[in-house]
Amino acid sequence: MDYVDLRTGNVDFDGSVLVKQDVSAGVTVKATGDITIKGTSENAYLEAGGDLAVACGITGSESAMNGGARDILVQAEGTVRAGFAAGVKIRAGVDVVVKEYLNHCETLALGRVLVGQKGGHGLIVGGRTHGCLGVFAQSGGSPATVKTYVGAGPTEAMGSRRDEALQERQELVAKLEQLKHMLANMEASQASGEGDRSELTDKVRRTIEEFERRTVEVDVRIDDIEARAAESEFAGVTFKQRAYPGVTVELGEETLALRTESSGGHFALREGEIIWE
């Protein structure tokens, strides 16, 4: 489609969505697959079951872009990519990748937050940014000492995702046991000559194969979540150029508020203390 606005109405699509221009204020775009927007998304709710990419940028309300309440959510099970983001909540099941800046955003990535890694300005100013596997930016905060919170490490969201996957696996295994018991009874009936139910038996076998496939997929997802959780214990925050006063670094249970401007380096948690390397 060319654009999404109040005239086209909301989009809720089973599959992937491509918007060639902009998404305007007041609409919702949801897709079970990827969402790709070639222009900007202005004060619109976006939700992708795969990756979400906005070529130009994502903005919330004018108040939110100036530090007010952020009531616009953009989220993806995969990676969120944007030219810039201002005044929005961002949730990503994998990474958040932004070329120019995160301005007064509330950002959570279960992977990494990467800002300015491809030639952009790479600024994180205001709001709260958390990457479970680390945050990497050119600069944090501003000379105006804007309150800016940047953190890394495990979060409750990561634990919740693991619990959900374990629950899904438990339900799949229980269903598999029921189906296998049903199949055994059907095969026993056929063997005793009580009737030809081969078509139904084949259908049950195919269902069992599908549930076994889904169980393997969940096992892979659980392994990935647990590996990420282990890696997140060692995650840190990197500013390649500088970090300004007003920035607070959050690693684990520890916080460090910067009082002076610092040149480029890496914040890490060592023996219960945040250090600047």
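Residues numbered from 1 in each chain as written. Predicted model: local features only at pLDDT ≥ 70, side-chain atom pairs only at ≥ 80, totals over all residues. Heavy atoms only, no water.

K.L.:
Please explain helix H2 (residues 156–191) as it appears in this structure.
P.N.:
Count 3.6 residues to each turn of an α-helix, and residues three or four apart come out pointing the same way. In this model H2 runs 52 Å from its N-terminal to its C-terminal C-alpha over 36 residues, within 8% of the 52 Å that 1.5 Å per residue would give. Among the residues of H2, those classed as buried are Met158, Ala165, Leu172, Leu176, Leu179, Leu183 and Met186. Check the buried side of H2 and you find it contacts helix H3 (198–232). (Helix = DSSP H or I, 4+ residues; strand = E, 2+ residues; numbered from the N terminus. Expected span 1.5 Å × (residues − 1). Buried < 20%, exposed > 50% of the residue type's maximum accessible area, 1.4 Å probe, protein only. Contact = heavy atoms within 4.5 Å.)

K.L.:
What's the story with the pattern of salt bridges in this structure? I'm lost.
P.N.:
Pairing of side chains with opposite charge becomes possible as their charged atoms draw close. If you walk through the whole model with that rule in mind, you get 14 salt bridges. Taking the shortest distance from any N to any O, the salt bridge between Glu77 and Arg161 comes out at 3.3 Å. Taken together, the residues span a long stretch of sequence, with Glu77 in the loop between strand E9 (73–76) and strand E10 (80–82) and Arg161 in helix H2 at a distance of 84 residues. One network of salt bridges, in which partners are shared, links Glu187, Asp202 and Arg205. (Salt bridge = Lys/Arg side-chain N within 4 Å of Asp/Glu carboxyl O.)

K.L.:
What exactly am I supposed to notice about the packing of H2 against H3 here?
P.N.:
A packed helix pair is summarised by two numbers, namely the angle formed by the two axes and the spacing between the axes. Packing of H2 against H3 brings their axes to within 9 Å, and their N-to-C directions diverge by 160°. Taken together, the axes of H2 and H3 lie roughly antiparallel to each other. The hand of the H2/H3 crossing is left-handed. Class assignment of the residues belonging to the contact of H2 with H3 gives a composition of 17 nonpolar, six polar and 14 charged. (Axes fitted to C-alpha atoms, helices over the stretch in contact; angles between N-to-C directions. Parallel < 35°, antiparallel > 145°, perpendicular 65-115°, else oblique. Left-handed = near helix turned anticlockwise from the far one by under 90°. Nonpolar A, V, L, I, M, F, W, Y, C, P; charged D, E, K, R; others polar.)

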